[in-house]
Amino acid sequence: MKKVFFVIIFTILVSSPSCFANEYQKLQNLKNVEILRRPKTSTVNNRKLTKGRISSAREASMQTVNVDDFGAKADGRTDDSQAFKKAWSKACSSSQQSRILIPNKTYYINPINFTGPCKSAIKLEIRGTIEAFPDTSLYEKSQRRWIFFEKVRNFEVYGGGTINGNGQVWWKISCKVKKSQPCNDKGAPTALTFYNCTNLRVTNLRIKNPQQMHMNFQSCENVEASKLTLTAPEKSPNTDGIHVTKTRNINITNSVIKTGDDCISIVDGSRKVHATGIVCGPGHGISIGSLGKNGAMDHVSNVFVNGATISGTTNGVRIKTWQGGSGYAKNIVFENVLMHNVTNPIIIDQNYCDQDKPCQHQKSAVQVKNVVYKNIRGTSASEVAMKFDCSRTVPCKGIVLQNVHLTGKAGGNAKAKCRNLKFDHRVSSISPRCPLMK
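Described in the following lines is the structure provided in the data block.

Rules behind the numbers
- Positions within a chain are numbered from 1, following the residues in the order the chain's sequence is written.
- Per-residue local features are limited, in this predicted model, to residues with pLDDT of at least 70; the limit for side-chain atom pairs, both in listing and counting, is 80 or more; totals at the level of whole chains, interfaces and linings are taken over all residues.
- Side-chain measures here rest on the full set of heavy atoms in the structure, leaving out hydrogens and waters.
- The helix and strand labels rest on DSSP assignments: H or I over at least four residues marks a helix, E over at least two residues marks a strand, and numbering proceeds from the N terminus.
- Burial classification: accessible surface area is computed with a 1.4 Å probe over protein chains only, and a residue below 20% of its type maximum counts as buried, one above 50% as exposed, and the rest as partly exposed.
- Should any heavy atoms of two residues lie within 4.5 Å, those residues are considered in contact.
- What makes a salt bridge here is a side-chain nitrogen of Lys or Arg within 4 Å of a carboxyl oxygen of Asp or Glu, nothing more.
- When charges are counted, Lys and Arg are positive and Asp and Glu negative, with His and the chain ends excluded.
- For this analysis, a nonpolar core means a set of buried residues of the types Ala, Val, Leu, Ile, Met, Phe, Trp, Tyr and Cys, connected via side-chain atoms within 4.5 Å.
- In plain terms, two cysteine sulfur atoms within 2.5 Å form what is called a disulfide here.
- In this analysis, strands are considered paired if DSSP registers two or more bridges between them.
- Interaxial angle, 0 to 180 degrees, is taken between N-to-C directions of lines fitted to C-alpha atoms, where a helix line uses only the stretch in contact.

## A closer look at the overall build of the protein
Then, in step 1: Scanning the protein for helices and strands turns up five helices and 30 strands.
Then, in step 2: Taking all 438 residues of the protein together, the buried fraction comes to 57%.
Then, in step 3: In the protein, the share of contacts with a sequence separation of at least 24, taken over all contacts with a separation of at least 6, comes to 76%.

Now the structure itself:
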């Protein structure tokens with residue numbers, strides 16, 4: 001009955017007539033705000049990604065490259081990495097458009113790089129399961145990555161298959177689990193990485209039990225990520241669902257993310273990031289940051305989250321920055337979000353400190369400004385449902401709150417804690433309220 005209730009509420013929220021363009025039209029009254037636009041539609045094979053697969057005629061003209069034809073065994077013992085590499089080389093070097101087929105079997109592979117640019121567009125159809133060998137020594141030279149795509153254009157990955165990182169062996173030796181283990185750069189690899197890719201579509205895939213992050217989009221442009229199911233246990237360390245860094249024009253849609261860290265994390269250099277229809281939890285919520293660590297100058301802008309159900313997470317929608325950094329997180333909208341039993345439903349933390357020793361107070365900070373929270377409802381697992389812990393020297397500016405209603409677990413009152421911020425004049429229909437709100 002509870003599931004039906006939340007599905008109904010989520011449907012009502014997502015069907016709200018407000019849209020991103022209208023919301024940002026209101027923001028134009030704020031000083032020095034850039035105009036936010038939806039990311040340009042990416043193209044694969046000179047066709048809109050939103051149109052789905054290319055026409056059947058073109059599909060028929062594509063060559064099919066089956067990994068089995070290059071020696072893949074799928075016997076649960078053999079390393080099929082070389083067969084995968086040969087299949088990729090065949091498709092990438094061909095002037096004819098190619099579909100690389102991974103049949104409905106289970107293939108084990110070691111760390112592997114698929115490098116472009118290729119002579120023509122490629123589709124990778126994963127019907128079966130790709131698994132990682134549970135031997136950490138195999139990754140000593142992999143630079144913290146397992147399956148890695150680099151410099152590929154007009155590329156589509158799909159098929160309904162599964163990528164299984166067999167991450168259990170990595171989690172138990174993580175410094176966040178095994179406290180005697182030092183935290184350093186020789187950590188676990190990301191399961192699936194796209195680096196410097198353009199016009200990319202990733203859809204209808206499952207990733208489970210990654211060694212660390214599920215999926216990383218780094219320095220990419222024009223990306224569609226949709227119908228993804230990303231799962232790892234709640235206590236699995238650093239298993240972010242979708243990590244976005246230095247990437248622009250990315251749409252993340254209609255995906256279910258259950259993990260041990262951020263469902264979606266958006267970090268430095270990312271702009272024009274849209275996330276819609278996201279089911280998140282367990283995990284750490286949808287996060288921007290952390291930004292500004294070790295004095296870094298970081299920038300994130302033009303982020304739009306619309307239509308999310310967040311359940312049982314440590315955070316809901318969060319912006320986190322370290323002291324001592326610089327740059328900005330600006331022009332951000334969180335809209336039509338349903339929270340259920342979330343510990344920190346709304347949080348801005350400009351004093352983020354993810355270390356055992358207390359962080360020393362510093363004057364410089366990443367600027368957080370022009371952030372909209374609209375149509376956000378649900379329950380808080382903690383007494384404080386809304387927390388704005390902003391910098392004394394670089395306070396948060398242009399914070400807009402509209403139709404935000406958060407209660408305690410049993411429907412009781414929740415609290416708001418707010419310091420060092422300036423609200424926009426259009427704060428309306430808010431519960432709980434900060435003492436400084438008029």
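Moving on from the coordinates now.
## Examining the pattern of salt bridges
For side chains bearing opposite charge, pairing can occur when the charged atoms are close.
Then, in step 1: Scanning the model with the defined rule gives 13 salt bridges in all.
Then, in step 2: Between Glu125 and Arg99 there is a salt bridge, with the nearest N and O atoms lying 2.7 Å from each other. Of the two residues, Glu125 is situated in strand E7 (residues 122-126) and Arg99 in strand E4 (residues 98-102); the sequence distance between them amounts to 26 residues.
Then, in step 3: Overall, Glu125 belongs to the buried group, its relative accessible area being 8%.

## Considering the side chain of Asp80
Then, in step 1: Structurally, Asp80 is set in the loop between strand E3 (63-66) and helix H4 (81-92).
Then, in step 2: The side chain of Asp80 sits in the buried core without any salt bridge; Lys73 is the nearest counter-charge, 7.4 Å away.
Then, in step 3: Excluding anything up to four places from it in sequence, Asp80 contacts Gly71, Ala72, Lys73, Ala74, Tyr107, Tyr108 and Ile109.

## Structural notes on the environment of Ala296
Then, in step 1: Following the sequence through the fold, Ala296 ends up in the loop between strand E20 (286-291) and strand E21 (297-311).
Then, in step 2: Looking at Ala296, the relative accessible area reads 25%, which means it is partly exposed.
Then, in step 3: Residue contacts for Ala296: discarding those within four places in its chain leaves Gly325 and Ser326.

## Some words on the nonpolar core
Then, in step 1: Counting residues in each nonpolar core, the largest one holds 97 residues, and the members touching the most others are Phe194, Tyr373 and Phe388.
Then, in step 2: Setting aside its immediate chain neighbours within four residues, Tyr373 contacts Val317, Ile319, Phe334, Ile346, Ile348, Phe388, Ile399, Val400, Leu401, Gln402 and Val404.

## What about the state of the cysteines?
Then, in step 1: Across all of its chains, the model carries five disulfides by this definition.
Then, in step 2: Disulfide pairing places Cys390 opposite Cys396 at an S-S distance of 2.0 Å. Negative torsions about the S-S bond denote left-handed disulfides, and the value of about -100° found for Cys390 with Cys396 makes this one left-handed. The same class applies to Cys390 as to Cys396, namely buried.
Then, in step 3: One disulfide bridge connects Cys418 with Cys434, the sulfur atoms lying 1.5 Å from each other. What sets the handedness of the Cys418 and Cys434 disulfide is the S-S torsion sign, and at about -50° it is left-handed. Here the residue Cys418 occupies a position in strand E28 (residues 415-419), and Cys434 occupies one in the segment after strand E30 (428-431), the gap between them amounting to 16 residues. For the pair Cys418 and Cys434, a shared accessibility class is recorded, and that class is buried.

## Describing the sheet that holds strand E16 (residues 242-245)
Sheets are built from strands that pair by backbone hydrogen bonding, the pairs being arranged parallel or antiparallel.
Then, in step 1: Taken in spatial order, the eleven strands make up an open sheet running E6-E9-E12-E14-E16-E18-E20-E22-E24-E26-E28, and their pairing is parallel. The outermost strands of the open sheet, each flanked by one partner alone, are strand E6 (112-115) and E28. The mean angle between the axes of side-by-side strands here comes to 15°, regardless of whether they run parallel or antiparallel.
Then, in step 2: Sheet analysis places strand E12 (residues 190-195) next to strand E14 (residues 215-218), joined by four bridges and oriented parallel. Paired with Tyr195 across the bridge in E14 is Gln218.
Then, in step 3: Its contacts with the sheet place H4 against E6 and strand E9 (145-150), and it is angled at close to 0° to E6.

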